[in-house]
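# Close look at the chain arrangement
One-letter residues, chain by chain:
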Amino acid sequence: MYLNCHTYYSLRFGTFSEVDLLELAQKNEVSCLALTDINNTSACLNFVRKSKSLGIKPVLGIDFRDGAEQRFVGLAKNNDGFYELNRFLSHHSHQKKTLPKTTPHFEQAFVVYPFEQVMQLEKKQFKDYEFIGVSIRDLRKLPFTIYKEYRDKLVIQQQVTVRSKRDFNAHRLLRAIDNNTLLSKLPKSEECSEQDVMIPVGELEQAFQWHPHIIENTRILLEACSIEFAFDGERITQNQSVYSTSKEADYAMLEQLCVDHISKRYANPSKQVMDRLAKELKTIKEMDFVSYFLINYDIVHHSKQKGYVHVGRGSGANSIVAYIIGITDVDPIELDLYFERFINPYRVSPPDFDIDFSWKDRDDVTQYIFDRFEHVALLATYNTFKYRAVVRELGKVFGMPKEEIDKISVGKYEKRELDELGNLVIKYGELIKGFPNHLSVHSCGILILDKPIHYFSATDMPPKGFPTVQFDMIIAEDTGMFKFDILGQRGLAKIQDTLEIIRYNRPELPPIDITEVEKFKKDVQVNTLLKEGKATGAYYVESPAMRGLMRKLETQDYLGLVAASSIIRPGVSGSGMKHEYIKRHRHRELRKQAHPVLLDIMPETYGVMVYQEDVLKVAHLFAGLNLGEADVLRRGMSGKFRSRAEFTAVEQKFIANCRERGYEDALIFEVWEQIKSFAGYAFAKGHSASYAVESYQSLYLKCYFPLEFMVAVLNNGGGFYSKEHYIHEAKMLGGIVEAPCINTSDHPNIIKGKHLFLGFGNLKNLESFTIQRLLSERQLNGVFKSLDDFVDRVVIGIEQLTILIRIDAFRFMGVSKKELLWQAIFKLNATKSRSAQKALFVAPQKHFSLPQLQTTWIEDAYDQMELLDFPLCDYFDLIQEPLKPHVKARDMEMFLNKPVLLYGKLVNTRFHKASNGKVMRFCTFVDVEGHYFDTVHFHDTVDQYPIHGIGVYECFGKVVEDFGFCSIEVIRSRKLALKPDPRMAEPIK
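Below or above, wherever it landed, is the structure these notes cover. (Residues numbered from 1 in each chain as written. Predicted model: local features only at pLDDT ≥ 70, side-chain atom pairs only at ≥ 80, totals over all residues. Heavy atoms only, no water.)

A few words now on the overall build of the protein chain. Of the regular secondary structure elements, the protein chain holds 38 helices and 22 strands. Projecting the C-alpha coordinates of the protein chain onto the three principal axes gives extents of approximately 100 × 85 × 65 Å. Evaluated residue by residue, the protein chain yields a buried proportion of 56% over its 989 residues. Expressed as a percentage of contacts within the protein chain between residues at least 6 apart in sequence, the contacts between residues at least 24 apart total 70%. Per element, the accessible surface of the protein chain, about 43,600 Å² overall, is 52% carbon and sulfur. When the 127 positive and 129 negative side-chain charges of the protein chain are each reduced to one mean point, those points stand 3 Å apart. (Helix = DSSP H or I, 4+ residues; strand = E, 2+ residues; numbered from the N terminus. Buried < 20%, exposed > 50% of the residue type's maximum accessible area, 1.4 Å probe, protein only. Contact = heavy atoms within 4.5 Å. Areas by Shrake-Rupley, 256 points an atom, 1.4 Å probe, with all protein chains shown as cover. Lys, Arg positive; Asp, Glu negative; His and termini not counted. Charge placed at Lys NZ, Arg CZ, Asp CG, Glu CD.)

Shown next as structure tokens:
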């Protein structure tokens, strides 16, 4: 009987979930219920999914509104009707068009106009599918209108938005937040009615007892509606099922691609390769994943034709078919990748392919997908109200002072100190916390379906410019829609840009084939960079933690890097197995400490669980779970499941099976705790291998083209470290770093030979229009010959010109900066009215006689710190006091367990909460020779000797060693003072 119900996906309007709505209906003996969120279909699929278990017939629709003003309610007769409603809403959403007051013609949908709207429109003609909605409140007016005669068109429209007074208060607060107004000033027209609640069906019918025809009309309308989607065990894939003309043609195409490309991967394919290939092709065909592979191949093939670099990751990286046809660059034979992690008979979803592109190319690839395939949309995510944010919003709508809002939002208050408003903010903040706030775009998920997207959802058009569905990946998978993951990252952009920079800086060299990863893996010099931890700038392996780990593991080959890429993840690290792995890796005799069964299952990792596959292997081979149950553990670790009940059932079976096999409880629970520690943090081995491939590509470029590589790193936003540190690295690699120059520099950083010219884009407060004018003029009319020439040709104000002079961009003139600054002031003040129109005749500039003015290198350094955030000189040269006798980073191992003094410029620092709850600090420095050393600051030194920002620190402490990697346990530290800024005026005495 309820055909106009809202959930909290009626954003900033509704007050409870779709599951709450169904439970409310069950409580009120409602057997058929329509979900009609306001201009939104986010909850629809899950509403249908959950309704079956609660014994309620679902009806889907949309409450079409202009703001809070209701136009009409659309109800889908069937799935085609849902498609019509979604298409209609999406058209107006994409075009930012106001919804009309009356509907177009619907073939398979009903329309219910609210009684008040009908009266305002004075609507007299109604189509077969149009009805008039009458609420309990409207019954008082109905007898006095002409619409009492429209007996066949009247239906019950008792809106459901709130359940209680508390819900109604929350609704009003949400409306005030949405309207950005004080609660006291919220117009009544923006609110629902306090009577918009669900009452038992019997009471509802009692209210309409004198209008039995309205009850009957409503019943007939709802009975005429039916919606069907298959979920969970009954679901079928909705992905595009045929790539070419038929499934048979698709399979033939996939087979032929493997035949055509296998020689590129395996010059002489072994029996193992051919057997694995045959097994995979057979399984892919049987599980109907052929088109999924071909679509991924199509995307990658297109990107290669455009010259884009890509990395294929995910469980699909365990596939030899994906490797042969070029979706991934990971050889599953070389790495002994677990076939069942990629596909097993219990797996109903296709394997994941996370395909990374350069962040610059990703949108172009996405556009290709939308152009190439017919039914495409981006996935959504729900941005929910966070507690601190909602408390701030509530404080504003209550009109509270900012100081009070700040105090409550950060939790710095005593309950007894709060007044009535403060208590209300906390009460409703807790209630609204977790409500959907607005829809956003999933970071990488794209749907490519057989049916039109609007068959499942309305779509929005966010700023990205691609249609986006209104549900997330969880409900998508529940319904059989499996996403394609297209990601953008800066690591690949660094690789691609390096290749371009090499082409212009080293034009004599032949083209570099960056896909020759097998050659890179065997390169001794590249592997030496790994072993010595000299990977700054290289994707995924440049952090201090990774640098230290590679030195502890003495990583010097591809397989070692694959392992390192995984054991650094919190799952392995947090369980203590990282330390155990390193011990067993370095000391062969310790490997026998592993349980024989675990060692037999995971010989390559010495009986230690490192990869997601290891969890599947242990669950299957150690605990006797079938592959389907083992897959539940895998999905549990990645967070891709709805309920923990399924996970708990598998946990109980795991323990029971292990006991049946005679394992001691101590071993059982030790292994289970390791499995649980992987939750959300474990890598598939193929995933680690994919990262390792990209790392090798980066390392190869850094090894042989270090300066070009560092320029590309800088131009792509750096990475783990600051821009200053990458410039330091470029200097260590032999680069000569130059400040921006008006005749040489570009907007990004460029390189000429060994000279790295910083780009104008590095200069703070230098406007993009100034840079654009400067570069355009230089390109059209040649280099600038003098300051006069520059001022004549470029429209620029004194503030912008001052920035260029202070950074020494006119140094080619051989005139001091101070003299140039005075010249600039005189010249620009002499011609205050400047026009963007180019002068037909250039008037001669006035010349001014100035005394000789000199600039010191210290002034230059301070100017650079102000304009670039860092000096271009050696930071140690700026230290005011002489350095005491000290140890260098390269000599630390000679002083094990001894107190030493080191001086270091801070590179990176982070806090860590130890298992005892006390805070520690880890820092990375470079010493006077530019080499790294790492420090550990225990809780007693963290506060006593703080690290305050970039600078040179005196670090006194004890040298400790962990698997050959030395660091300093700091006893005390202090920051050294810099030479005074000579630009500052002498103090008045």
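Here the focus is the sheet that holds strand 22 (residues 965–975). Taken in spatial order, the five strands line up as 18-19-20-22-21 and close into a barrel, and their pairing is mixed. Within the sheet, the average angular offset between the axes of one strand and its neighbour, ignoring direction, is 50 degrees. In terms of strand pairing, strand 18 (residues 899–913) meets strand 21 (residues 952–962) through seven bridges, oriented antiparallel. Note that in strand 21 the partner of leucine 902 across the bridge is cysteine 955. Here helix 21 (residues 544–553) sits on the sheet in contact with strand 18, strand 19 (919–926), strand 20 (932–937), strand 21 and strand 22, set at roughly 145 degrees to strand 22. (Pairing = 2+ DSSP bridges. Axes fitted to C-alpha atoms, helices over the stretch in contact; angles between N-to-C directions.)

For strand 19, the tally of buried residues reaches six of eight residues, placing the bulk of the element in the interior. As defined by bridge partners, strand 18 adjoins strand 19 across eight bridges and the pair is classed as antiparallel. In the strand pairing of strand 19, threonine 909 is matched with cysteine 923. Connecting strand 18 to the antiparallel partner strand 19 that follows it, the hairpin turn spans five residues, and glycine 917 within it adopts a positive phi of roughly 90 degrees. Relative to strand 20, strand 19 runs antiparallel, the two being bridged by six bridges. Bridge pairing in strand 20 links arginine 921 to histidine 937.

This part takes up the pairing of strand 21. Sheet topology places strand 21 next to strand 22; ten bridges connect them, and they run antiparallel. When the sheet's bridge partners are listed, lysine 958 is paired in strand 22 with glutamate 969. Two successive antiparallel strands, strand 21 and strand 22, enclose a turn made up of two residues, where phenylalanine 963 displays a positive phi of approximately 50 degrees.

Across the sheet, which stays open at both edges, the seven strands sit in the order 1-2-3-4-5-6-7 with mixed pairing between neighbours. Of all the strands in the sheet, just strand 1 (2–5) and strand 7 (154–156) have a single pairing partner and so form its edges. The sheet shows a mean angle of 35 degrees between the axes of neighbouring strands, taken without regard to direction. Where strand 5 (residues 109–114) lies against strand 6 (residues 130–134), four bridges are found, and the strand directions are parallel. Across the sheet, the residue bridging to valine 112 is phenylalanine 131, located in strand 6. Of the strands in this sheet, strand 2 (32–38) and strand 3 (57–66) touch helix 2 (residues 44–51), which is tilted by about 155 degrees from strand 3. Lying over the sheet, helix 3 (residues 79–95) contacts strand 3, strand 4 (69–76) and strand 5, oriented at roughly 20 degrees with respect to strand 3.

With that out of the way, let us pick up the nonpolar core. In this structure, Leu33, Met198, Leu221, Phe229 and Phe471 are the most contacted members of the largest nonpolar core, which totals 112 residues. Top contributing element to this core by residue count: helix 5 (residues 165–179), with six residues. Non-local contacts of leucine 33, meaning those with residues more than four positions away in its chain, are made with Tyr2, Cys5, Leu21, Leu22, Ala25, Phe47, Ile56, Lys57, Pro58, Val59 and Met198. Ala538, Leu561, Ala689 and Phe963 belong to the second largest nonpolar core, which has 93 residues in total. (Core = buried A, V, L, I, M, F, W, Y, C linked by side-chain atoms within 4.5 Å.)

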